[in-house]
Amino acid sequence: MTEVTTGAGGPESHAKHVVYCGVCSLPPEYCEFGGTVKKCEEWLKVQHPDMHERLYSEDVINANMSSLTIEAQKRADKDAQKKAAKAVAAEARALEIKASSKILIKRVERNKRKYVTAVQGLEAHGLDLKKVAKDFGKKFATGSSVTKLPGGGEEITVQGDLSDDIYDYLVETYEDIPEENIECIEDKKKKGGG
Amino acid sequence: MFKKDITPGAKSKVKSSAQRAIRGKIVEEYPLLGPYIDEIIPKKEQLDLVKLPDRVSLYTLGSNPLFFQHMDDALIPHLAVVHKYPNCFPRLRIDRGAIRFVLSGATLMAPGLTSAGGRLPNPDADEEDVERYGKEDLEPGTVVVVEAEGKENACLVGVLKMGTKEMKMVKKGAAMEGGHCLGDGLWMLNLG
Ligand SMILES: [Zn+2]
């Protein structure tokens, strides 16, 4: 049991404390096999400079290379390039989805002159629906909750006709969301307002 | 075993009698964990069971995954547990070349263990290796932790398909099927 050191689990704990990469979540010694090595290295340099020095020194990299045959090295390089390209593509796709995702604010007539406002599409912009629903409730002093959509997914339902107020609030609070991605619509046959 | 991303299913509380039974089973299967079982599953804390696809159950404490089990098979430690208690499990080592295959979810093949960079239990190895990888051969069906050449922490855990004695003799074929590796669906699982 010589290797076991007291870790983060409290003074009583015998658990070994292992650092995990803040980018790819693996122990940093394994970052080299993922598609995000560059980012992983930057993270480690800032967060754990001593470990960075150990893992990314020239000696270590050369030693790693020499333990593989030239052909295996080539294949590993090719593999790494493919993985990196995949990671870049995935990131680009995520950005694109964000940029093209519309947020719909719908005024829905419930009874005569009673309205609820349904807000859809916030999750695509990385927002936590439960939290935003709570914020709406506080900000507008009304009932606000997350409800399931019949076709899957969820929306926020706010009691009252608050389309314009919610529009303004979203634009002001979340600067990352382009204004043209937010749209107010009316759920009834009759058109107008909004 | 967990090639795809997984969405966790229903979560339920484990009854205290069942929790006691699980603690017993873990110590029975991994005797070296005995001294630490109270830290891993404190008696007074509530163990949860999360259902995963393909009839896998995952035992968790808060948002920490601890052990998983396919149907009634052996309880297998999550790699986070292996990293915390590295000396408490039978272990093998793969050579550097095999790492990227293992991390991409490929079946662990015997040559990755029998090559110069690999390690299997071996009474004639140097002291350090005997200390770490043992002398006695391991039978098929044993839960083993797989470390990697040049790395400190393990990258794979699972059930041996082939005994280590046979591996040394034939030097080919699948050594372990399935298993849980770094970066797989189980590793990336978000338990909130
Ligand atoms: Zn990383």
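The model shown is predicted, which means the values in this text are computed figures rather than measured ones. (Residues numbered from 1 in each chain as written. Chains lettered and ligands numbered in written order. Predicted model: local features only at pLDDT ≥ 70, side-chain atom pairs only at ≥ 80, totals over all residues. Heavy atoms only, no water.)

Go over the coordination of the zinc ion with me, naming the residues and quoting the values.
Residues and elements named next belong to chain A. The protein atoms that coordinate the zinc ion are Cys 21 (SG), Cys 24 (SG), Cys 31 (SG) and Cys 40 (SG), at distances of 2.2 to 2.3 Å. Seen from the zinc ion, its 4 donor atoms lie at angles of 106 to 112°, and the figure they make is tetrahedral. One chain supplies every donor for the zinc ion, spaced along it as C-x2-C-x6-C-x8-C. Take Cys 31 and Cys 40: they sit in the same class, and that class is buried. (Donors = N, O, S within 2.8 Å, 3.2 Å for Na, K, Ca; no water. Tetrahedral: all angles 85-135°; square planar, octahedral: opposite > 155°, others 65-115°. Buried < 20%, exposed > 50% of the residue type's maximum accessible area, 1.4 Å probe, protein only.)

Tell me what's going on with the domain arrangement of chain B, and back it up with residues and numbers.
All names here are of chain B. Considered domain by domain, chain B is made up of domain 1 (11–84) and domain 2 (89–181). Taking the mean C-alpha position of each, domain 1 and domain 2 sit 24 Å from one another. Tallying the contact residues gives 12 residues for domain 1 and 11 residues for domain 2. In total, domain 1 and domain 2 occlude about 980 Å² of area from one another, counting both sides; carbon and sulfur atoms represent 82% of this. Remark: the boundary between domain 1 and domain 2 carries 0 salt bridges. Counting across the interface, domain 1 meets domain 2 through 2 residue pairs in polar contact (both at pLDDT 80 or more). Listing elements by their share of the side of domain 1 that touches domain 2, those giving two or more residues are strand S5 (76–77) and helix H3 (79–84). (Domains from an automatic or database assignment. Contact = heavy atoms within 4.5 Å. Buried area = accessible area lost by both parts, 1.4 Å probe. Salt bridge = Lys/Arg side-chain N within 4 Å of Asp/Glu carboxyl O. Polar contact = N/O pair within 3.5 Å; in protein donor to acceptor, adjacent residues only side chain to side chain. Helix = DSSP H or I, 4+ residues; strand = E, 2+ residues; numbered from the N terminus.)

Please set out the domain arrangement of chain A residue by residue, giving values where relevant.
How big an interface is tends to be stated in terms of the accessible area lost upon association of its parts. Along its sequence, chain A is carved into domain 1 (17–99) and domain 2 (101–187). Centre-to-centre, using C-alpha coordinates, domain 1 of chain A lies 40 Å away from domain 2 of chain A.

Mind laying out the side chain of B:Arg23, listing which residues take part and the relevant values?
Residue and element names in this part refer to chain B. Mapped onto the fold, Arg 23 is located in helix H1 (residues 16–29). On the basis of relative accessible area, Arg 23 is assigned to the buried category, the value being 11%. For Arg 23, the side chain forms a polar contact with the side chain of Asp 38, separated by 2.7 Å. Residue contacts for Arg 23: discarding those within four places in its chain leaves Ile 37, Asp 38, Ile 41, Pro 42 and Lys 43.

Run through the sheet that holds strand S4 (residues 64–70) of chain B, naming residues and quoting values.
Residues and elements named next belong to chain B. A sheet is described by the order of its strands in space; here 5 strands give the open sequence S1-S2-S3-S4-S5, paired in antiparallel fashion. A strand with exactly one partner marks an edge of an open sheet, and here the two such strands are strand S1 (11–13) and S5. Here strand S2 (residues 48–52) pairs with strand S3 (residues 56–61) via 5 bridges, running antiparallel. Along S3, the bridge assignment pairs Leu 52 with Val 56. (Pairing = 2+ DSSP bridges.)

Describe the UniProt feature "domain: PUA" (unreviewed entry) in chain B, naming the residues involved and giving the relevant values.
Per the UniProt record, "domain: PUA" (unreviewed entry) is found at residues 90–183 of chain B. Taken as a whole, residues 90–183 of chain B contains 28% helix and 22% strand, while its terminal C-alpha atoms sit 22 Å from one another. (UniProt positions renumbered as here; feature names shortened; annotations may be inferred.)

So what about the interface of chain A and chain B? Which residues, and what values?
Contact with chain A, which involves 24 residues of that partner, is made by 25 residues of chain B. Interface area, chain A with chain B, both sides summed: about 2,400 Å², of which 53% is carbon and sulfur. The residue A:Asp79 makes a salt bridge to B:Arg100 at a minimum N-O spacing of 3.1 Å. Summed over the shared surface of chain A and chain B, the result is 12 residue pairs in polar contact (both at pLDDT 80 or more). Looking at the side of chain A that touches chain B, the element that brings in the most residues is helix H4 (residues 70–100) of chain A, giving 3 residues.

Talk me through the environment of B:Val82; I want residue IDs and the actual numbers.
Looking at the element boundaries, B:Val82 is found in helix H3. When the C-alpha positions of B:Val82 and B:Val157 are compared, they lie 8.4 Å apart, and in sequence the two are 75 residues distant.

Explain the pairing of strand S2 (residues 114–120) of chain A to me, using residue names and the numbers behind them.
Residues and elements named next belong to chain A. Counting buried residues along S2, 6 of its 7 residues qualify, which places the element largely inside the surrounding structure. Pairing between strand S1 (residues 103–111) and S2: 7 bridges, direction antiparallel. Bridging across to S2, Asn 111 finds its partner in Lys 114. Hairpin connection, S1 to S2: the antiparallel pair is bridged by 2 residues, and Arg 113 has positive phi, about 55°. By the bridge criterion, 4 bridges tie S2 to strand S4 (residues 154–159) in an arrangement that is antiparallel. Note that in S4 the partner of Val 119 across the bridge is Ile 156.

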